[in-house]
Amino acid sequence: MGGKKQHINPDGLPKNPAFSQAVVTQGSGKTIYIGGQDAIDAEGNIVGKGDIAAQTGQAMKNVQTVLKACGATFNDLVKLNIYVVNGQDITKGFEASREFFKNVTDQPIVTVVMVPALGHPDFLLEIDGIAFIPET
């Protein structure tokens, strides 16, 4: 039996083009759990010190790399958690992430949490997520 993925935006809640309110996966398929991605390039260098937009772009590139390695795309994302250091302008981060979602038909659900610090003092945000590829 194959699997399916349904994005739900119920009446009574705001409709937002950047995220869905709920995603239901059902049946068989492949679930991908993406560990926290920071603004680190392939050589281990921190990208965009002090720049939330640049760090968001790099973290999203890292999410994209994980998805691709697992045979998935941003269309397969069902949930993103974004941890942002207190005091950062999250709107700049959201603007930087838009390019990664321009061809996504159903947006994932998103949770944004403001935190006092992350694993390195130069990190301004961290992104983890879950993707699901239904079996056809």
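Reference entry: report on the structure contained in this document. (Residues numbered from 1 in each chain as written. Predicted model: local features only at pLDDT ≥ 70, side-chain atom pairs only at ≥ 80, totals over all residues. Heavy atoms only, no water.)

So, the packing of aromatic side chains
- Tallied over the entire structure, the rule returns two aromatic pairs.
- An angle of 50 degrees between the planes, with centres 5.7 Å apart, marks the rings of phenylalanine 74 and phenylalanine 100 as tilted. Here the residue phenylalanine 74 occupies a position in the loop between helix H1 (52-69) and strand S4 (77-85), and phenylalanine 100 occupies one in the loop between helix H2 (90-97) and strand S5 (109-115), the gap between them amounting to 26 residues.
- Take phenylalanine 74: its relative accessible area is 6%, and that puts it in the buried class.
- An aromatic cluster is built from Phe74, Phe100 and Phe101, whose rings are joined through pairwise contacts. (Phe/Tyr/Trp six-rings, centres within 6.5 Å; stacked < 30°, edge-to-face > 60°. Helix = DSSP H or I, 4+ residues; strand = E, 2+ residues; numbered from the N terminus. Buried < 20%, exposed > 50% of the residue type's maximum accessible area, 1.4 Å probe, protein only.)

Here we look at the nonpolar core
- With 21 residues, the main nonpolar core has Leu67, Phe74, Leu77, Phe101 and Ile127 as its most contacted residues.
- Here this core gets five residues from one element, more than from any other, and that element is H1.
- Every residue in contact with leucine 67, bar those within four places of it in the chain, is listed here: Ile34, Ala72, Thr73, Phe74, Leu77 and Ala131. (Core = buried A, V, L, I, M, F, W, Y, C linked by side-chain atoms within 4.5 Å. Contact = heavy atoms within 4.5 Å.)

Some remarks on H1
- Compared with an ideal rise of 1.5 Å per residue, which puts 18 residues at 26 Å, H1 spans 26 Å between its outermost C-alpha atoms and is within 8% of the ideal.
- Among the residues making up H1, those that are buried are Ile52, Gln55, Thr56, Gly57, Gln58, Ala59, Met60, Asn62, Val63 and Leu67.
- For H1, the N-terminal capping position is held by aspartate 51, with its side-chain oxygen 3.1 Å away from the main-chain nitrogen of alanine 53.
- Looking one or two residues past H1, glycine 71 carries a phi angle of roughly 80 degrees, positive in sign. (Expected span 1.5 Å × (residues − 1). Polar contact = N/O pair within 3.5 Å; in protein donor to acceptor, adjacent residues only side chain to side chain.)

Observations regarding the sheet that holds S5
- Here four strands make up an open sheet; going across it, the order is S3-S6-S4-S5 and the pairing mixed. Both edges of this open sheet fall to strand S3 (29-37) and S5, since each of them pairs with a single strand only. On average, adjacent strands in this sheet sit at an angle of 10 degrees to one another, irrespective of strand direction.
- Relative to strand S6 (residues 125-134), S4 runs antiparallel, the two sharing seven bridges. Counterpart to leucine 80 in the pairing with S6 is glycine 129. (Pairing = 2+ DSSP bridges. Axes fitted to C-alpha atoms, helices over the stretch in contact; angles between N-to-C directions.)

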